[in-house]
Amino acid sequence: MKTRNSLSPKTVCVVCSGDLRLSANQQCWPEQARMEAALGRALKAEGWRVVRAHAYDQQKQHGFIDSQKMGIEVFRRLDPQAPLVVAEAVWQYTHHVLAGLTTHRGPILTVANWSGTWPGLVGMLNINGSLTKAGVRYSTLWSKDFKDDFFRTGLRQWLQTGVVTHDQSHVKDLRLLKLPLADQQFGQRAARRFRQQKAIMGIFDEGCMGMFNAIIPDELLHPTGVFKERLSQSTLYAAMQRVSDAEARAVLDWLLKKGMTFDWGRKEETQLTEAQTLQQCKMYVAAVRLADEFGCDAVGIQYQQGLKDLVPASDLVEGLLNNVDRPPVKAAKSSRVLFAGEAIPHFNEVDECAGLDGMVTYRLWRELGFAPENTLHDVRWGEQFRGDGVSDFVWVFLISGAVPPAHLTGGYRGATSHRQPPMYFRLGGGSIQGVSRPGPIVWSRVFVMDGKLHCDLGVGKAVRLPEKESQRRLRLTTPQWPIMHAILDGVTRDQLMARHKANHIQVVYAPSAKEAHRACRIKAALFAELGLEVHLCGNVELD
């Protein structure tokens, strides 16, 4: 076993977790290298030296920690008391570094570049959520160029004290607030019904892409009335083989009749093909039938890592499942239409926190008489925008799958299926790409902290930006994916980043701003009755 290296004074150790997929690591490495160089200059300006804990690999052509095995080996050599920076300019698999971080005793700082290119902000937020769940103390910072006062001040504070403090005055604990009695009682009654009726969460392989924060321990989940049905992606693959070509074609014909566009080509390696789409249609039918067989109220398909080497992406499937108006699926041996008139809430990347939130929201919005379609998004990035009636910080919420067509401007007619990026999706498959329609939203996130389930909730709105600006934001992120331009009421950029304990955020529409505030209050009361620690964030009206 290699011995640990002790660092000299005023020296910071840097690690970076990457993807498991070689193609992604190679393509994203130049951005990571630029980010680390800028970070190094900022540290040098403060009089500190940077030591990288793992070298660039000439054979792999990247410098990421690309497996849990490698991560453990890297941390074995580290001084456990050394100041440690986890620097991320890319999406990464947290379990690559989580084992080492749980036993590190020196101050930990997670850092990301403020860019939508390769989602370093998303990767950092997943690390933050996972460290929070694991009970590991850390600080966090972000910057566009590592020269701004916000970053420099925070970095100086961390170097001097080992801690960065952020403004989190937007967070208010529900137990200290008084909700309108009618809203509180509505939420409590809905929670009691939910717990009494119980629900089954279908899990097609737990722990997608190392997202430790996305796994809810059973002992925390069961008191809410939700229980896991642990299924295997191999079961889904086997069920796909039993779906006929005619059944797949019927699903595709239904989508074409609805006006959905498919950006088909002929090159399987780089373009979406009709054959890939038909395989996705088979997965959709198989998922609905398995949800019926096991009595699932919601399902989550991991896709990474099991199915990615067998079939095209699950993202088209996920969006269809999340939509009330979707292609009908009959039982395999009868004419019974499964889940007629209902969505089957799907939680992308088997994020169980989003799964619990999605089921609760779906049922509550049904009781409220609102359209129940809801989805998670990545907190990808954002910028200030002024023009066309908008003057605010506008977030880019973006996700590969799960967004229902009901959320998009024009519905199915506003949706296009593009081939998923080859570096992530070798076998292709299409997305459901479009721009989310403007309107009031309720946003939320369930997470694990201090051994308990928590939920942050707030209100906001999806806004319409000029087409040129929408396309610019898509080009700077992932243009194949559905996008929401979101403004969060009473929550600044830095407040959300400092507080948010996940890479994902849940969103659902409300009929009006007034109803969004009311629904947010009722949902807060519901989650509190289910036993969660609830926090209202930003400007949620209490009357």
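Residues numbered from 1 in each chain as written. Predicted model: local features only at pLDDT ≥ 70, side-chain atom pairs only at ≥ 80, totals over all residues. Heavy atoms only, no water.

1. Here we look at the overall build of the chain
Okay, so step 1: Per the secondary structure count, the chain includes 15 helices and 18 strands.
Okay, so step 2: Here the C-alpha coordinates of the chain stretch approximately 75 × 60 × 50 Å along the principal axes.
Okay, so step 3: In the chain, which comprises 543 residues, the share counted as buried stands at 60%.
Okay, so step 4: Considering only contacts within the chain whose residues lie at least 6 apart along the sequence, 79% involve residues at least 24 apart.
Okay, so step 5: Of the roughly 20700 Å² that the chain leaves accessible, carbon and sulfur atoms contribute 50%.
Okay, so step 6: The averaged location of the 56 negative side-chain charges in the chain is 2 Å from the averaged location of its 66 positive side-chain charges. (Helix = DSSP H or I, 4+ residues; strand = E, 2+ residues; numbered from the N terminus. Buried < 20%, exposed > 50% of the residue type's maximum accessible area, 1.4 Å probe, protein only. Contact = heavy atoms within 4.5 Å. Areas by Shrake-Rupley, 256 points an atom, 1.4 Å probe, with all protein chains shown as cover. Lys, Arg positive; Asp, Glu negative; His and termini not counted. Charge placed at Lys NZ, Arg CZ, Asp CG, Glu CD.)

2. A word on the pairing of strand 11 (residues 374-387)
Okay, so step 1: For strand 11, the tally of buried residues reaches 10 of 14 residues, placing the bulk of the element in the interior.
Okay, so step 2: Where strand 11 meets strand 17 (residues 504-509), five bridges bridge the pair, whose relative direction is antiparallel. From the neighbouring strand, Thr375 faces strand 17, where its bridge partner is Val507.
Okay, so step 3: Where strand 11 lies against strand 12 (residues 390-398), nine bridges are found, and the strand directions are antiparallel. Across the sheet, Glu383 pairs through a bridge with Val394, a residue of strand 12.
Okay, so step 4: Hairpin connection, strand 11 to strand 12: the antiparallel pair is bridged by two residues, and Asp388 has positive phi, about 50°. (Pairing = 2+ DSSP bridges.)

3. Digging into the nonpolar core
Okay, so step 1: Counting 159 residues, the largest nonpolar core has Leu356 and Trp395 as the members making the most contacts within it.
Okay, so step 2: Residue contributions to this core peak at 10 residues, all from helix 10 (residues 274-293).
Okay, so step 3: Dropping the residues within four chain positions of it, Leu356 is found in contact with Met201, Ile216, Leu221, Thr224, Val226, Val446, Leu453 and Phe527. (Core = buried A, V, L, I, M, F, W, Y, C linked by side-chain atoms within 4.5 Å.)

4. A few points about empty space enclosed by the protein
Okay, so step 1: One pass over the structure, following the stated rule, counts two cavities of 30 Å³ or more.
Okay, so step 2: Taken as a whole, the largest cavity encloses approximately 250 Å³ of empty space.
Okay, so step 3: Secondary-structure elements contributing two or more residues to the lining of the largest cavity are helix 11 (315-321) and strand 11.
Okay, so step 4: In this structure, the second largest cavity spans a volume of roughly 40 Å³.
Okay, so step 5: Around the second largest cavity, the lining residues are Ala298, Asn322, Pro345, His346, Phe347, Ala354, Gly355, Gly358, Asn374 and Gln506.
Okay, so step 6: Among the elements that make up the lining of the second largest cavity, the one with the highest residue count is helix 12 (residues 352-368) (three residues).
Okay, so step 7: Residues of the lining of the second largest cavity, tallied by class, amount to four nonpolar, six polar and no charged. (1 Å grid on protein atoms, 1.4 Å probe; cavity = no way out; pocket = protein on both sides within 12 Å on 5 of 7 lines; lining within 4 Å. Points joined across faces, edges and corners; volume = space filled by probe spheres on them. Nonpolar A, V, L, I, M, F, W, Y, C, P; charged D, E, K, R; others polar.)

5. As for the environment of Val491
Okay, so step 1: For Val491, the location among the structural elements is in the loop between strand 16 (483-488) and helix 14 (493-499).
Okay, so step 2: Residues Val491 and Ala340, 151 residues apart in the sequence, show an inter-C-alpha distance of 39 Å.
Okay, so step 3: In contact with Val491, not counting residues within four places along its chain, are His170, Trp443, Leu496, Cys537 and Gly538.

6. A short note on helix 5 (residues 149-161)
Every α-helix carries 3.6 residues per turn, so stepping three or four residues along brings you back to the same face.
Okay, so step 1: Taking 1.5 Å of rise per residue, the 13 residues of helix 5 would be expected to cover 18 Å, and the 18 Å separating its terminal C-alpha atoms lies within 8% of that figure.
Okay, so step 2: Buried within helix 5 we find Phe151, Gly154, Leu155, Trp158 and Leu159. The buried side chains of helix 5 occupy one side of the element, clustering within an arc of 135° when seen end-on. Those residues of helix 5 that are exposed and aimed more than 90 degrees away from the buried face are Asp149, Gln160 and Thr161.
Okay, so step 3: Lining the buried residues of helix 5 we find strand 1 (11-15), helix 1 (22-45), strand 3 (84-88), strand 4 (108-113) and strand 5 (139-143).
Okay, so step 4: The positive-phi residue at the C-terminal boundary of helix 5 is Gly162, with phi of around 85°. (Expected span 1.5 Å × (residues − 1). Arc of directions from axis to C-beta.)

7. A few points about the sheet that holds strand 8 (residues 226-231)
Okay, so step 1: Spatial strand order, 8-7-10: three strands in an open sheet with parallel pairing. At either end of the open sheet lies a strand with only one pairing partner, and these are strand 8 and strand 10 (298-301). On average, each strand axis in the sheet is inclined to that of its neighbour by 20°, with strand direction left out of account.
Okay, so step 2: Of the pairings in the sheet, the one linking strand 7 (residues 199-204) to strand 10 comprises four bridges and is parallel in character. Bridged to Gly202 within strand 10 is Val299. (Axes fitted to C-alpha atoms, helices over the stretch in contact; angles between N-to-C directions.)

8. Structural notes on the packing of aromatic side chains
Okay, so step 1: Considering all chains together, one arrives at 13 aromatic pairs under this definition.
Okay, so step 2: Relative to Phe64, the ring of Trp29 has its centre 5.2 Å away and its plane inclined at 90°; by these criteria the two rings are edge-to-face. Taken together, the residues Trp29 in helix 1 and Phe64 in the loop between strand 2 (49-52) and helix 2 (68-76) connect sequence positions 35 residues apart. Per residue, the accessibility class of Trp29 equals that of Phe64, and both read buried.
Okay, so step 3: Among the aromatic residues, ring-to-ring pairing joins Trp114, Phe393, Trp395 and Phe397 into one connected group.
Okay, so step 4: Above the ring of Phe212, the side-chain terminus of Lys133 is found at 3.9 Å from the ring centroid.
Okay, so step 5: The aromatic ring of Tyr509 is capped on one face by Arg437, whose charged end is 3.8 Å from the ring centroid. (Phe/Tyr/Trp six-rings, centres within 6.5 Å; stacked < 30°, edge-to-face > 60°. Lys NZ or Arg CZ within 6 Å of the ring centre and 35° of its normal.)

9. Structural notes on the layout of surface pockets
Remark: the empty space left among the atoms is shown by a probe the size of a water molecule rolled over them.
Okay, so step 1: Each pocket or cavity is described by its volume, and for the largest pocket that value is around 530 Å³.
Okay, so step 2: Of all the elements in the fold, those that place two or more residues in the lining of the largest pocket are helix 3 (95-103) and strand 5.
Okay, so step 3: Looking at the lining of the largest pocket, its residues break down into nine nonpolar, 10 polar and four charged.

10. Description of the pairing of strand 2
Okay, so step 1: Pairing geometry for strand 1 and strand 2, over four bridges, is parallel. Of the residues in strand 2, the one forming a bridge with Thr11 is Arg49.
Okay, so step 2: Crossover strand 1 to strand 2 through helix 1 is right-handed. (Right-handed = clockwise from strand over helix to strand, strands pointing away.)

11. Points about the sheet that holds strand 2
Okay, so step 1: Taking strand neighbours across the sheet as the criterion, the five strands line up as 2-1-3-4-5 in an open arrangement whose pairing is parallel. Each end of this open sheet is capped by a strand with a single partner; those strands are strand 2 and strand 5. For this sheet, the mean angle separating the axes of adjacent strands, direction not counted, is 30°.
Okay, so step 2: Sheet strands in contact with helix 5 are strand 1, strand 3, strand 4 and strand 5, and its direction is about 155° off that of strand 5.

12. Some remarks on the environment of His500
Okay, so step 1: Note that His500 resides in the loop between helix 14 and strand 17.
Okay, so step 2: Remark: the alpha-carbon pair of His500 and Leu476, spanning 24 residues in sequence, is separated by 23 Å.
Okay, so step 3: Those residues in contact with His500, other than ones at most four positions away along the chain, are Leu125, Val379, Trp443, Arg445 and Ile505.

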